[in-house]
Amino acid sequence: MTHDAWRLHLTNQTLQRVDILPGSPALLAVWSRADRVAYYDLESGNRVDGARLMFPRESDRASLEWQNFVDSLHGPNGTPLPYVRVGHVSIYSMLDRKTRVYRIGDQVIRQQGATETALSLPPGLAVIQPSRTSGKVYALGGDGRLYIDDDFPLPTGLKPSPHYMLAVGSSGECLFASDGWHIVALDHKGLTRSTLDLSYLSSQLVCSPQGKYLAMQDVETGVVRVFDGATLRQLYQRFAIDLVAAARRLQLLEDLPPVTAALGTMTIDDEGVLAFAMSGSVCVTHVTRMSKIPAPSAPLSSS
(Lines give C-alpha, C1' and ligand atoms only; values in the text may rest on other atoms or scores of the structure.)
Protein backbone atom coordinates (compact mmCIF):
# COMPACT_ATOMS: atom_id res chain seq x y z
CA MET A 1 0.00 0.00 0.00
CA THR A 2 1.14 3.55 -0.70
CA HIS A 3 1.28 6.06 2.13
CA ASP A 4 -1.95 7.73 1.03
CA ALA A 5 -4.65 8.33 3.64
CA TRP A 6 -8.41 8.58 3.28
CA ARG A 7 -11.45 9.18 5.41
CA LEU A 8 -15.14 8.48 5.02
CA HIS A 9 -18.21 9.44 7.04
CA LEU A 10 -20.62 6.51 7.11
CA THR A 11 -23.23 7.04 9.79
CA ASN A 12 -24.41 9.27 12.60
CA GLN A 13 -24.05 6.30 14.93
CA THR A 14 -20.82 5.02 16.48
CA LEU A 15 -19.07 2.44 14.31
CA GLN A 16 -18.59 -0.85 16.14
CA ARG A 17 -15.42 -2.36 14.67
CA VAL A 18 -12.85 -2.14 11.88
CA ASP A 19 -10.69 -5.01 10.63
CA ILE A 20 -7.94 -5.09 8.00
CA LEU A 21 -8.42 -8.18 5.82
CA PRO A 22 -5.15 -9.03 4.02
CA GLY A 23 -5.51 -10.52 0.58
CA SER A 24 -5.92 -9.53 -3.02
CA PRO A 25 -7.08 -6.88 -2.73
CA ALA A 26 -6.48 -5.91 0.89
CA LEU A 27 -9.77 -4.74 2.38
CA LEU A 28 -11.08 -2.85 5.37
CA ALA A 29 -14.17 -4.39 6.98
CA VAL A 30 -16.27 -1.75 8.75
CA TRP A 31 -19.05 -2.84 11.11
CA SER A 32 -21.86 -0.35 11.60
CA ARG A 33 -23.96 -2.91 13.48
CA ALA A 34 -23.47 -6.43 14.74
CA ASP A 35 -25.17 -7.76 11.60
CA ARG A 36 -24.00 -5.20 9.04
CA VAL A 37 -20.54 -4.97 7.49
CA ALA A 38 -19.19 -3.01 4.52
CA TYR A 39 -15.93 -3.67 2.69
CA TYR A 40 -13.62 -0.98 1.32
CA ASP A 41 -10.46 -1.24 -0.73
CA LEU A 42 -7.73 -0.54 1.84
CA GLU A 43 -5.65 1.59 -0.51
CA SER A 44 -8.25 3.62 -2.41
CA GLY A 45 -11.20 3.64 -0.02
CA ASN A 46 -13.56 2.54 -2.80
CA ARG A 47 -16.48 0.48 -1.58
CA VAL A 48 -16.16 -3.13 -2.75
CA ASP A 49 -19.16 -4.86 -1.20
CA GLY A 50 -21.40 -5.03 1.84
CA ALA A 51 -23.45 -7.62 3.66
CA ARG A 52 -26.22 -7.91 6.17
CA LEU A 53 -25.67 -11.14 8.05
CA MET A 54 -28.63 -13.44 8.36
CA PHE A 55 -28.10 -15.04 11.73
CA PRO A 56 -29.16 -18.70 11.97
CA ARG A 57 -32.43 -19.43 13.70
CA GLU A 58 -30.98 -22.63 15.11
CA SER A 59 -28.38 -22.42 17.87
CA ASP A 60 -27.26 -26.00 17.22
CA ARG A 61 -23.69 -25.59 15.92
CA ALA A 62 -23.88 -29.06 14.34
CA SER A 63 -26.81 -28.03 12.12
CA LEU A 64 -26.36 -27.41 8.40
CA GLU A 65 -27.81 -23.89 8.80
CA TRP A 66 -25.18 -22.96 11.38
CA GLN A 67 -22.36 -24.50 9.35
CA ASN A 68 -23.40 -22.61 6.23
CA PHE A 69 -23.52 -19.41 8.27
CA VAL A 70 -20.02 -19.70 9.77
CA ASP A 71 -18.61 -20.78 6.39
CA SER A 72 -19.89 -17.48 4.97
CA LEU A 73 -18.00 -15.33 7.51
CA HIS A 74 -15.27 -14.04 5.21
CA GLY A 75 -14.63 -10.96 3.12
CA PRO A 76 -14.91 -10.74 -0.68
CA ASN A 77 -11.17 -11.49 -0.87
CA GLY A 78 -11.65 -14.78 1.00
CA THR A 79 -10.05 -13.71 4.29
CA PRO A 80 -12.06 -14.84 7.33
CA LEU A 81 -13.64 -12.14 9.48
CA PRO A 82 -11.71 -12.14 12.78
CA TYR A 83 -14.71 -11.56 15.03
CA VAL A 84 -18.47 -11.75 14.70
CA ARG A 85 -21.05 -11.58 17.48
CA VAL A 86 -24.33 -13.46 17.14
CA GLY A 87 -26.59 -12.62 20.07
CA HIS A 88 -24.70 -13.88 23.14
CA VAL A 89 -22.22 -15.90 21.04
CA SER A 90 -18.84 -14.44 20.07
CA ILE A 91 -17.20 -16.13 17.06
CA TYR A 92 -13.46 -15.89 16.41
CA SER A 93 -12.46 -17.32 13.01
CA MET A 94 -8.95 -18.58 12.25
CA LEU A 95 -7.13 -18.03 8.99
CA ASP A 96 -7.49 -21.69 7.91
CA ARG A 97 -11.31 -21.20 7.72
CA LYS A 98 -11.71 -24.54 9.54
CA THR A 99 -10.96 -23.57 13.14
CA ARG A 100 -13.16 -21.32 15.27
CA VAL A 101 -13.38 -20.30 18.88
CA TYR A 102 -16.74 -19.58 20.48
CA ARG A 103 -17.28 -17.64 23.67
CA ILE A 104 -20.72 -18.19 25.11
CA GLY A 105 -20.99 -16.51 28.48
CA ASP A 106 -18.26 -18.13 30.60
CA GLN A 107 -17.85 -21.03 28.17
CA VAL A 108 -14.96 -21.05 25.68
CA ILE A 109 -15.15 -23.72 22.97
CA ARG A 110 -12.70 -24.45 20.17
CA GLN A 111 -14.08 -26.06 17.02
CA GLN A 112 -11.73 -27.76 14.58
CA GLY A 113 -13.68 -29.19 11.69
CA ALA A 114 -16.51 -31.20 13.22
CA THR A 115 -14.78 -31.59 16.60
CA GLU A 116 -15.52 -29.26 19.51
CA THR A 117 -13.41 -28.98 22.66
CA ALA A 118 -14.56 -27.05 25.74
CA LEU A 119 -11.64 -25.32 27.44
CA SER A 120 -11.35 -25.41 31.23
CA LEU A 121 -11.11 -21.67 31.81
CA PRO A 122 -12.42 -19.88 34.92
CA PRO A 123 -15.58 -17.74 34.88
CA GLY A 124 -15.35 -13.97 34.69
CA LEU A 125 -12.57 -13.66 32.12
CA ALA A 126 -11.83 -10.03 31.31
CA VAL A 127 -10.85 -10.66 27.68
CA ILE A 128 -9.93 -13.54 25.38
CA GLN A 129 -7.99 -13.44 22.12
CA PRO A 130 -7.12 -16.54 20.07
CA SER A 131 -4.12 -16.90 17.79
CA ARG A 132 -5.49 -16.65 14.25
CA THR A 133 -2.98 -19.24 13.04
CA SER A 134 -3.13 -21.96 15.69
CA GLY A 135 -6.46 -21.30 17.38
CA LYS A 136 -4.75 -21.38 20.77
CA VAL A 137 -6.70 -19.22 23.22
CA TYR A 138 -5.07 -16.52 25.33
CA ALA A 139 -7.12 -14.86 28.05
CA LEU A 140 -6.79 -12.46 30.97
CA GLY A 141 -8.66 -13.30 34.14
CA GLY A 142 -10.35 -10.74 36.32
CA ASP A 143 -7.18 -10.64 38.42
CA GLY A 144 -4.91 -9.88 35.44
CA ARG A 145 -3.34 -13.34 35.25
CA LEU A 146 -2.78 -14.91 31.82
CA TYR A 147 -4.40 -18.16 30.74
CA ILE A 148 -3.18 -20.12 27.71
CA ASP A 149 -5.75 -22.73 26.76
CA ASP A 150 -6.13 -25.08 29.76
CA ASP A 151 -2.77 -24.33 31.36
CA PHE A 152 -2.34 -22.94 34.86
CA PRO A 153 -2.62 -19.13 35.11
CA LEU A 154 0.58 -17.13 34.80
CA PRO A 155 1.36 -13.85 36.57
CA THR A 156 1.69 -10.77 34.37
CA GLY A 157 2.43 -8.10 36.96
CA LEU A 158 -0.66 -6.12 35.93
CA LYS A 159 -2.52 -4.15 38.59
CA PRO A 160 -6.21 -4.66 39.42
CA SER A 161 -8.13 -2.79 36.74
CA PRO A 162 -11.46 -2.55 34.91
CA HIS A 163 -9.46 -1.78 31.73
CA TYR A 164 -7.65 -5.05 30.97
CA MET A 165 -6.65 -5.35 27.31
CA LEU A 166 -4.95 -8.13 25.36
CA ALA A 167 -3.43 -8.03 21.87
CA VAL A 168 -2.17 -11.23 20.23
CA GLY A 169 -0.21 -11.57 17.01
CA SER A 170 -1.68 -13.94 14.43
CA SER A 171 0.82 -16.70 15.22
CA GLY A 172 0.59 -16.22 18.98
CA GLU A 173 4.36 -15.72 19.15
CA CYS A 174 3.91 -12.26 20.67
CA LEU A 175 1.35 -11.06 23.22
CA PHE A 176 0.74 -7.68 24.79
CA ALA A 177 -1.31 -7.24 27.96
CA SER A 178 -2.29 -4.01 29.68
CA ASP A 179 -4.25 -2.69 32.64
CA GLY A 180 -4.45 0.75 31.03
CA TRP A 181 -1.42 2.11 32.91
CA HIS A 182 1.17 -0.55 32.12
CA ILE A 183 2.05 -2.71 29.11
CA VAL A 184 3.58 -6.16 29.41
CA ALA A 185 5.07 -7.87 26.34
CA LEU A 186 5.07 -11.67 26.60
CA ASP A 187 6.15 -14.59 24.45
CA HIS A 188 3.95 -17.48 23.32
CA LYS A 189 4.62 -19.31 26.61
CA GLY A 190 3.43 -16.32 28.64
CA LEU A 191 6.92 -15.36 29.82
CA THR A 192 7.50 -11.61 30.19
CA ARG A 193 9.83 -10.10 27.57
CA SER A 194 9.58 -6.45 28.62
CA THR A 195 7.35 -4.00 30.47
CA LEU A 196 6.47 -0.34 30.07
CA ASP A 197 4.92 2.02 32.62
CA LEU A 198 2.68 4.72 31.15
CA SER A 199 2.02 8.20 32.49
CA TYR A 200 -1.49 8.22 30.98
CA LEU A 201 -4.52 5.94 30.79
CA SER A 202 -4.57 4.05 27.51
CA SER A 203 -7.27 2.28 25.53
CA GLN A 204 -7.72 0.38 22.25
CA LEU A 205 -4.58 -1.74 22.54
CA VAL A 206 -3.90 -3.49 19.20
CA CYS A 207 -0.89 -5.12 17.58
CA SER A 208 -0.02 -5.97 13.98
CA PRO A 209 -0.22 -9.63 12.90
CA GLN A 210 3.52 -10.32 13.34
CA GLY A 211 3.85 -8.01 16.33
CA LYS A 212 5.97 -5.41 14.52
CA TYR A 213 3.78 -2.56 15.75
CA LEU A 214 1.72 -1.96 18.86
CA ALA A 215 -0.80 0.90 18.89
CA MET A 216 -3.03 2.49 21.52
CA GLN A 217 -4.86 5.69 22.35
CA ASP A 218 -4.09 8.11 25.15
CA VAL A 219 -7.59 8.44 26.63
CA GLU A 220 -7.18 11.93 28.09
CA THR A 221 -5.59 13.67 25.08
CA GLY A 222 -6.89 11.61 22.15
CA VAL A 223 -3.34 10.99 20.91
CA VAL A 224 -2.66 7.75 19.00
CA ARG A 225 0.71 6.28 19.96
CA VAL A 226 2.57 3.58 18.03
CA PHE A 227 5.32 1.43 19.58
CA ASP A 228 7.95 -1.00 18.38
CA GLY A 229 6.53 -4.40 19.31
CA ALA A 230 9.96 -5.88 20.00
CA THR A 231 11.25 -3.20 22.38
CA LEU A 232 8.13 -1.26 23.46
CA ARG A 233 9.93 1.92 22.41
CA GLN A 234 7.50 4.59 21.21
CA LEU A 235 7.99 5.34 17.51
CA TYR A 236 5.17 7.68 16.45
CA GLN A 237 2.31 9.75 17.82
CA ARG A 238 -0.35 12.18 16.61
CA PHE A 239 -3.78 13.41 17.66
CA ALA A 240 -6.42 11.13 16.14
CA ILE A 241 -8.49 14.11 14.98
CA ASP A 242 -5.44 15.52 13.16
CA LEU A 243 -4.95 12.23 11.33
CA VAL A 244 -8.58 12.39 10.21
CA ALA A 245 -8.31 16.04 9.13
CA ALA A 246 -5.14 15.35 7.10
CA ALA A 247 -6.64 12.36 5.26
CA ARG A 248 -8.13 12.69 1.79
CA ARG A 249 -11.90 12.94 2.09
CA LEU A 250 -13.87 10.68 -0.23
CA GLN A 251 -17.12 12.64 0.02
CA LEU A 252 -17.70 16.13 -1.31
CA LEU A 253 -19.63 17.25 1.76
CA GLU A 254 -18.22 15.72 4.89
CA ASP A 255 -17.85 17.11 8.39
CA LEU A 256 -15.04 16.08 10.68
CA PRO A 257 -15.95 14.15 13.82
CA PRO A 258 -16.26 16.32 16.94
CA VAL A 259 -12.89 17.16 18.46
CA THR A 260 -14.07 15.52 21.68
CA ALA A 261 -15.05 12.26 19.93
CA ALA A 262 -13.28 9.23 21.34
CA LEU A 263 -11.42 6.83 19.11
CA GLY A 264 -13.77 3.86 19.08
CA THR A 265 -11.95 0.95 17.44
CA MET A 266 -8.56 0.55 15.79
CA THR A 267 -6.35 -1.89 13.87
CA ILE A 268 -2.82 -1.84 12.44
CA ASP A 269 -0.86 -4.08 10.06
CA ASP A 270 2.84 -4.90 9.73
CA GLU A 271 3.24 -2.41 6.86
CA GLY A 272 2.28 0.42 9.21
CA VAL A 273 -1.23 0.94 7.85
CA LEU A 274 -3.44 2.20 10.67
CA ALA A 275 -7.24 2.22 10.49
CA PHE A 276 -9.61 3.54 13.12
CA ALA A 277 -13.13 4.80 13.69
CA MET A 278 -14.14 8.05 15.34
CA SER A 279 -17.84 8.39 15.93
CA GLY A 280 -19.43 7.50 12.56
CA SER A 281 -16.30 8.15 10.46
CA VAL A 282 -13.51 5.79 9.46
CA CYS A 283 -9.94 6.81 8.66
CA VAL A 284 -7.13 4.83 7.02
CA THR A 285 -3.65 6.32 7.34
CA HIS A 286 0.00 5.30 7.77
CA VAL A 287 2.45 5.62 10.64
CA THR A 288 4.71 7.82 8.48
CA ARG A 289 1.98 10.48 8.61
CA MET A 290 2.48 10.71 12.36
CA SER A 291 5.16 12.58 14.31
CA LYS A 292 8.26 10.46 14.68
CA ILE A 293 9.68 10.09 18.17
CA PRO A 294 13.49 10.41 18.17
CA ALA A 295 15.41 7.44 19.47
CA PRO A 296 16.96 8.06 22.90
CA SER A 297 20.53 9.27 22.71
CA ALA A 298 23.25 6.87 23.75
CA PRO A 299 24.94 7.95 26.99
CA LEU A 300 28.36 9.54 26.58
CA SER A 301 31.16 7.20 27.48
CA SER A 302 33.52 8.37 30.17
CA SER A 303 37.19 8.47 29.27
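Note that the structure is a prediction, hence the values are computed from the model and not measured.

Undergrad: Outline the sheet that holds strand 18 (residues 202-207), supporting the account with residue identities and numerical values.
TA: Taken together, the five strands give an open sheet; going across it, the order is 18-19-20-21-26, and neighbouring strands pair in antiparallel fashion. The two strands at the open ends of the sheet, each matched to only one other strand, are strand 18 and strand 26 (291-292). Summarising the sheet, strand 18 and strand 19 (residues 213-218) pair through four bridges and their orientation is antiparallel. Bridge assignment links cysteine 207 to a residue of strand 19, and that residue is leucine 214.

Undergrad: Talk me through the pairing of strand 4 (residues 36-41); I want residue IDs and the actual numbers.
TA: Within strand 4, five of the six residues are buried, which leaves the element mostly enclosed by the surrounding structure. By the bridge criterion, six bridges tie strand 3 (residues 27-33) to strand 4 in an arrangement that is antiparallel. Following the sheet pairing, arginine 33 is matched in strand 4 by arginine 36. Hairpin remark: strand 3 followed by strand 4, antiparallel, with two residues in the connecting loop. Sheet topology note: the strand 4/strand 5 (residues 47-52) ladder contains five bridges and is antiparallel. Residue pairing across strands places arginine 36 opposite arginine 52, the latter belonging to strand 5. Count of turn residues in the strand 4/strand 5 antiparallel hairpin: five residues, of which glycine 45 carries a positive phi of about 85 degrees.

Undergrad: Residues and numbers for the nonpolar core, please.
TA: Of all hydrophobic cores here, the largest spans 23 residues; its most connected members are Val226, Met266, Ile268, Leu274, Phe276 and Met290. Within the residue set of this core, elements represented by two or more residues are strand 19, strand 20 (223-228), strand 21 (234-239), helix 2 (240-246), strand 23 (263-268) and strand 24 (273-278). Here this core takes four residues from helix 2, the largest share from any one element. Aside from chain neighbours lying at most four places away, what touches leucine 274 is Ala215, Val224, Leu243, Met266, Thr267, Ile268, Cys283, Val284, Thr285 and Met290. Counting 19 residues, the second largest nonpolar core, distinct from the first, contains Val37, Leu73, Val84 and Ile109.

Undergrad: Run through the sheet that holds strand 12 (residues 137-140), naming residues and quoting values.
TA: What the three strands build is an open sheet, ordered 11-12-13; its pairing is antiparallel. With partners counted over all chains shown, the strands left at the sheet margins are strand 11 (127-130) and strand 13 (146-148), one partner each. Adjacent strand axes in the sheet meet at a mean angle of 20 degrees when their direction is disregarded. Sheet analysis places strand 11 next to strand 12, joined by four bridges and oriented antiparallel. Pairing of valine 127 across the sheet is with leucine 140, part of strand 12.

Undergrad: Requested: an account of the pairing of strand 9 (residues 107-112), with residues and values cited.
TA: Relative to strand 9, strand 8 (residues 99-104) runs antiparallel, the two being bridged by six bridges. By the bridge assignment, tyrosine 102 is partnered in strand 9 with isoleucine 109. Between strand 8 and strand 9, which pair antiparallel and follow one another directly, the connecting turn spans two residues, one of which, glycine 105, has a positive phi of 65 degrees. By the bridge criterion, four bridges tie strand 9 to strand 10 (residues 115-118) in an arrangement that is antiparallel. Residue pairing in the sheet places glutamine 112 in a bridge with threonine 115 of strand 10. The antiparallel hairpin formed by strand 9 and strand 10 contains two residues in its connecting segment, where glycine 113 sits at a positive phi of about 65 degrees.

So, how was this worked out
- Residues numbered from 1 in each chain as written.
- Predicted model: local features only at pLDDT ≥ 70, side-chain atom pairs only at ≥ 80, totals over all residues.
- Heavy atoms only, no water.
- Pairing = 2+ DSSP bridges.
- Helix = DSSP H or I, 4+ residues; strand = E, 2+ residues; numbered from the N terminus.
- Buried < 20%, exposed > 50% of the residue type's maximum accessible area, 1.4 Å probe, protein only.
- Core = buried A, V, L, I, M, F, W, Y, C linked by side-chain atoms within 4.5 Å.
- Contact = heavy atoms within 4.5 Å.
- Axes fitted to C-alpha atoms, helices over the stretch in contact; angles between N-to-C directions.

Bear in mind that shape data such as this cannot, by itself, settle questions of function.
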